[in-house]
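Coordinate analysis (summary)
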Amino acid sequence: MSRAAGLGRIDFALRRFSGLVLVAFFTSYLVVVAREGRAIWLGDVGRIGGPLAMALELALIALLSFHALSGLAHWAMDRLGGPRHHRIGFAISVVLALAVAACHLPTFYGWP
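About the criteria used
- Residues numbered from 1 in each chain as written.
- Predicted model: local features only at pLDDT ≥ 70, side-chain atom pairs only at ≥ 80, totals over all residues.
- Heavy atoms only, no water.
- pLDDT = per-residue confidence, 0-100.
- Helix = DSSP H or I, 4+ residues; strand = E, 2+ residues; numbered from the N terminus.
- Phe/Tyr/Trp six-rings, centres within 6.5 Å; stacked < 30°, edge-to-face > 60°.
- Buried < 20%, exposed > 50% of the residue type's maximum accessible area, 1.4 Å probe, protein only.
- Patch = residues over 30% accessible without salt bridge, like charges linked within 9 Å, V, L, I, M, F, W, Y side chains within 5 Å.
- Areas by Shrake-Rupley, 256 points an atom, 1.4 Å probe, with all protein chains shown as cover.
- Salt bridge = Lys/Arg side-chain N within 4 Å of Asp/Glu carboxyl O.
- Expected span 1.5 Å × (residues − 1).
- Arc of directions from axis to C-beta.
- Polar contact = N/O pair within 3.5 Å; in protein donor to acceptor, adjacent residues only side chain to side chain.
- Contact = heavy atoms within 4.5 Å.

**Focus on the confidence of the model for the protein chain**
Note: predicted coordinates in regions of low pLDDT should not be interpreted at a detailed level. Put simply, the protein chain has an average pLDDT of 76, and 75% of its residues get 70 or more. Mean pLDDT values over the elements of the protein chain span from 60, in helix α2 (residues 44–49), up to 81, in helix α4 (residues 86–103).

Structure, rendered in structure tokens:
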């Protein structure tokens, strides 16, 4: 198996996993909204629930960002460059997803 094929499998598995996590999260979110009558904004769970909830919420933000950016990268590769640029698109998706999650750190920790 070549490195590109291995990377493609990792990307596929991570995209599927992030999609399933997002479906589970949004389903539970809608249940909470229906039960409570109000929305819990992202960041509230992390601030109220402690360090574990904060880490899980940052992971959720990173997964959401990766899922969206990976989808955009696949769309762009289909239109522009074909599969030979897949490694670059995957790397950009991962780096940007981590950067988006890192941008939320001040909100969770109450930094100015």
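Additional details are given in the paragraphs that follow.
**Description of the packing of aromatic side chains**
Each pair of aromatic rings is reported with the distance of its centres and the angle of its planes. Per the counting criterion, the structure on display carries 1 aromatic pair. Judged by centre distance (5.2 Å) and plane angle (65 degrees), the rings of F25 and F26 are edge-to-face. Residue F26 is classed as partly exposed on the basis of its relative accessible area of 40%.

**Side note on a nonpolar patch on the surface**
On the surface, a cluster of nonpolar side chains totalling about 270 Å² of accessible area is made up of I88, I92 and L96. Relative to the assigned elements, L96 resides in helix α4.

**Let's talk about α4**
With 18 residues, α4 extends 26 Å from end C-alpha to end C-alpha; this agrees with the ideal 26 Å at 1.5 Å per step. Among the residues making up α4, those that are buried are H86, G89, F90, S93, A97 and A101. Mapping the buried residues of α4 onto a view down its axis gives an arc of 100 degrees, with all of them on the same face. Exposed side of α4, more than 90 degrees from the buried face: I88, V95, L98 and C103 are the residues found there.

**Details of the side chain of S70**
Relative to the helices and strands, S70 resides in helix α3 (residues 51–81). A distance of 3.4 Å separates a polar atom in the side chain of S70 from a polar atom in the side chain of D11. Apart from residues no more than four positions distant in its own chain, S70 is found in contact with D11, R15 and S93.

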